Amino acid sequence: MSGDLHWPGPSLLSCSLCAGLLLAGCTVQDANDDGGGSGTSSGSADSTGAATDGMTSQSSADSTAAAETTEDSGPIVDDIPPPGDLPPVSLADCRDEPPPGAMMPPALPVYGGECPEILPGPNAIDSSGDLREFLLIAPSDLQPEENLPVVFLWHWLGGDAQDFLEQGDVQNAVDQFRFLAVIPSSKGDLLFQWPFSIIDPGPRTDEEYVFFDDMLACVAEQYNVAEGCISSAGVSAGGLWTGQLGSARGQYLSSILSLSGGTGGAVVKPWNGSAHKMPAMVLWGGPMDFCVAVDFQVTSQDLENNLEDEGHFVLECIHNCTHAAPPFDVANGETAFAPLWSFVISHPYWLQDGDSPYLETGVPADLPEWCGIGVGGSTPREGQCGGSQC
């Protein structure tokens with residue numbers, strides 16, 4: 001693997017998708033006009049007529065268009081408690097034992113039945129009456145006494161869980177940073193893989209929240225999980241879904257990472273508030289980060305503005321390479337997307353609302369220079385890029 005995730009995308013749009021885009025009042029770009037770079041297009045259209053993007057080395061994604069909005073269940077606001085030889089990260093480290101009196105999440109979800117045995121590799125679980133699949137990636141040398149963070153990784157439109165595993169260098173990541181990665185597979189019944197769009201009905205969205213609950217419940221039942229370090233990260237379509245999950249299941253999450261994702265705009269459901277103030281990395285490819293029906297600068301800015309207004313800590317990262325892999329520079333021998341895992345590890349649940357160790361130390365040197373604290377805090381990257389991979 002080269003160290004980059006790659007986001008090639010649709011070379012054409014089906015008639016059904018084009019009709020949807022016209023309903024939403026969107027402009028469809030030609031696949032060869034990436035708005036910010038040359039790049040080749042290698043996507044396809046699936047049997048439902050949905051445009052799909054592949055990923056040879058980061059991701060791709062997208063959205064939909066629409067007619068009627070529907071409502072989902074929104075955030076759960078149960079019992080949030082009142083505030084109260086690993087890779088070095090910063091002053092905070094969610095692999096540590098929580099300090100005395102630390103703010104911790106409520107009791108984790110309980111599975112409504114007997115959990116199947118969860119092993120590293122492919123797993124299947126009955127969720128809402130359907131057999132759903134996911135990968136569990138554990139450190140190769142997992143020790144029985146290890147208390148491990150959990151990071152959920154949601155794949156892009158034309159990808160799947162195996163693509164995320166391989167192209168995200170995830171096994172190396174969990175080996176180096178010592179965490180469990182849960183990589184869900186989409187059910188395959190939606191135009192855009194995950195139910196983030198305004199045409200996805202509320203009951204279907206609720207079903208996906210329950211899928212998250214069920215995976216978390218059974219992983220936590222069988223592994224030593226650091227309950228103060230459960231994070232969600234998504235790429236493109238998965239990033240748009242992370243925006244919804246962060247709202248509806250924020251009470252369990254120590255942080256979220258939105259990579260060319262977000263909320264709002266013409267076709268994506270809005271942010272609906274969160275029961276817990278969680279630090280967020282909001283990363284996108286600048287003003288030309290557009291794919292199919294989504295302007296990812298609009299959705300990313302909508303998410304970060306809502307988060308900051310609510311008092312969440314925001315790390316803004318703008319790489320200016322359009323809808324493409326973030327060009328991270330990592331140390332020799334370090335896993336390809338180390339800055340993502342560094343952010344997760346350095347933001348435990350027990351931080352006070354709106355707090356981050358970065359407010360004391362500044363953005364660490366192992367994160368890109370084009371990441372900055374707060375909305376508008378990024379100094380967008382300058383320099384050559386490979387062009388849009390949508």
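In short, a report on the structure. The structure displayed is predicted, hence computed values, not measured ones. (Residues numbered from 1 in each chain as written. Predicted model: local features only at pLDDT ≥ 70, side-chain atom pairs only at ≥ 80, totals over all residues. Heavy atoms only, no water.)

### Quick look at the overall build of the protein
Across its full length, the protein carries eight helices and 13 strands. In the protein, which comprises 390 residues, the proportion classed as buried is 59%. A total accessible area of about 14500 Å² is found for the protein, and carbon and sulfur atoms account for 49% of it. (Helix = DSSP H or I, 4+ residues; strand = E, 2+ residues; numbered from the N terminus. Buried < 20%, exposed > 50% of the residue type's maximum accessible area, 1.4 Å probe, protein only. Areas by Shrake-Rupley, 256 points an atom, 1.4 Å probe, with all protein chains shown as cover.)

### Notes on the packing of aromatic side chains
The final tally for this structure, using the stated rule, is twelve aromatic pairs. Consider the rings of phenylalanine 192 and phenylalanine 196, whose centres lie 6.4 Å apart with planes at 45°: the pair is tilted. Residue classification places phenylalanine 192 among the buried positions, given a relative accessible area of 2%. Judged by centre distance (6.2 Å) and plane angle (75°), the ring pair of phenylalanine 313 and tyrosine 358 falls under edge-to-face. (Phe/Tyr/Trp six-rings, centres within 6.5 Å; stacked < 30°, edge-to-face > 60°.)

### Some remarks on the sheet that holds strand β8 (residues 255-259)
Adjacent strands of a sheet pair through backbone hydrogen bonds, lying either parallel or antiparallel. Here nine strands make up an open sheet; going across it, the order is β3-β4-β6-β5-β7-β8-β9-β12-β13 and the pairing mixed. Either end of the sheet is taken by a strand with one partner, and the two such strands are β3 (121-127) and β13 (371-373). Neighbour to neighbour, the strand axes of the sheet diverge by 20° on average, direction disregarded. Contacts between helix α6 (residues 296-310) and the sheet are confined to β8, β9 (280-284) and β12 (314-318), with β9 contributing the most and set at about 160° to the helix. (Pairing = 2+ DSSP bridges. Axes fitted to C-alpha atoms, helices over the stretch in contact; angles between N-to-C directions. Contact = heavy atoms within 4.5 Å.)

### Some words on the nonpolar core
Counting residues in each nonpolar core, the largest one holds 54 residues, and the members touching the most others are Phe152, Leu180 and Val219. In terms of nonpolar packing, the next biggest core, distinct from the first, is built from 40 residues, Ile137, Ala226, Ala233 and Val235 among them. (Core = buried A, V, L, I, M, F, W, Y, C linked by side-chain atoms within 4.5 Å.)

### Quick look at α6
Structural remark: α-helix, 3.6 residues per turn; residues separated by three or four positions point the same way. The first and last C-alpha atoms of α6 sit 21 Å apart over 15 residues, in line with the 21 Å expected at 1.5 Å per residue. For α6, the complete set of buried residues consists of Phe296, Gln297, Thr299, Ser300, Leu303, Glu304 and Leu307. Those residues of α6 that are buried lie in contact with α5 (237-248), β8, β9, β10 (290-291), β11 (294-295) and β12. Measuring from the side-chain oxygen of the N-cap residue of α6 to the backbone nitrogen of glutamine 297 gives 3.1 Å; that N-cap residue is aspartate 295. At the exit of α6 stands glycine 311, carrying a positive phi of roughly 95°. (Expected span 1.5 Å × (residues − 1). Polar contact = N/O pair within 3.5 Å; in protein donor to acceptor, adjacent residues only side chain to side chain.)

### Digging into the pairing of β8
Among the five residues in β8, five count as buried, and that is most of the element. With burial as the criterion, each face of β8 is covered, one bearing Ser255, Leu257 and Leu259 and the other bearing Ile256 and Ser258. As judged from the five bridges shared by strand β7 (residues 225-235) and β8, these two strands associate in the parallel manner. Counterpart to alanine 233 in the pairing with β8 is leucine 257. Crossover handedness for the path β7 to α5 to β8: right-handed. Pairing of β8 with β9, which is carried by four bridges, proceeds in the parallel orientation. In the strand pairing of β9, leucine 257 is matched with methionine 281. (Right-handed = clockwise from strand over helix to strand, strands pointing away.)

### Examining the packing of helix α4 (residues 202-222) against α5
At a closest axis distance of 11 Å, the pairing of α4 and α5 adopts a crossing angle of 75°. Taken together, the axis directions place α4 and α5 in an arrangement best described as roughly perpendicular. Two secondary-structure elements touch here, α4 through Thr205, Glu208, Tyr209 and Phe212 and α5 through Trp241, Gln244, Leu245 and Ala248. Residue classes in the contact of α4 with α5 are distributed as five nonpolar, two polar and one charged. (Parallel < 35°, antiparallel > 145°, perpendicular 65-115°, else oblique. Nonpolar A, V, L, I, M, F, W, Y, C, P; charged D, E, K, R; others polar.)

### With respect to the environment of leucine 119
Topologically, leucine 119 is positioned in the loop between β2 (51-52) and β3. We classify leucine 119 as partly exposed; its relative accessible area is 42%. The sequence separation of leucine 119 and valine 219 amounts to 100 residues, and the corresponding C-alpha distance is 9.1 Å. Sequence-distant contacts of leucine 119, defined by excluding residues within four places in its chain, comprise Leu136 and Tyr223.

### Here's the deal with the environment of leucine 148
With respect to the element layout, leucine 148 can be found in strand β5 (residues 148-154). On the accessibility criterion, leucine 148 (3% relative accessible area) is buried. Taking C-alpha positions, leucine 148 is 4.9 Å from phenylalanine 179, a pair spaced 31 residues apart along the chain. If we ignore the near neighbours within four places in the chain, the residues touching leucine 148 are Pro139, Leu142, Arg178, Phe179, Leu180, Asn224, Val225 and Ala226.

### Re the state of the cysteines
What we call a disulfide is simply a covalent bond connecting the sulfur atoms of a pair of cysteines. This structure, assessed with the given rule, holds five disulfides. A disulfide bridge connects cysteine 115 with cysteine 218, and the sulfur atoms are separated by 2.0 Å. Disulfide cysteine 115 to cysteine 218: torsion about the S-S bond roughly -80°, handedness left-handed. With cysteine 115 in the loop between β2 and β3 and cysteine 218 in helix α4, this residue pair connects regions lying 103 residues apart in the sequence. Here cysteine 115 falls in the buried class, since its relative accessible area comes to 11%. Here cysteine 291 is linked by a disulfide to cysteine 390, with a sulfur-sulfur distance of 2.0 Å. Judged by the sign of its S-S torsion, about 80°, the bond between cysteine 291 and cysteine 390 is right-handed. In this pair, cysteine 291 sits in strand β10 while cysteine 390 sits in the segment after β13, placing the two residues 99 residues apart along the sequence. (Disulfide = S-S within 2.5 Å.)

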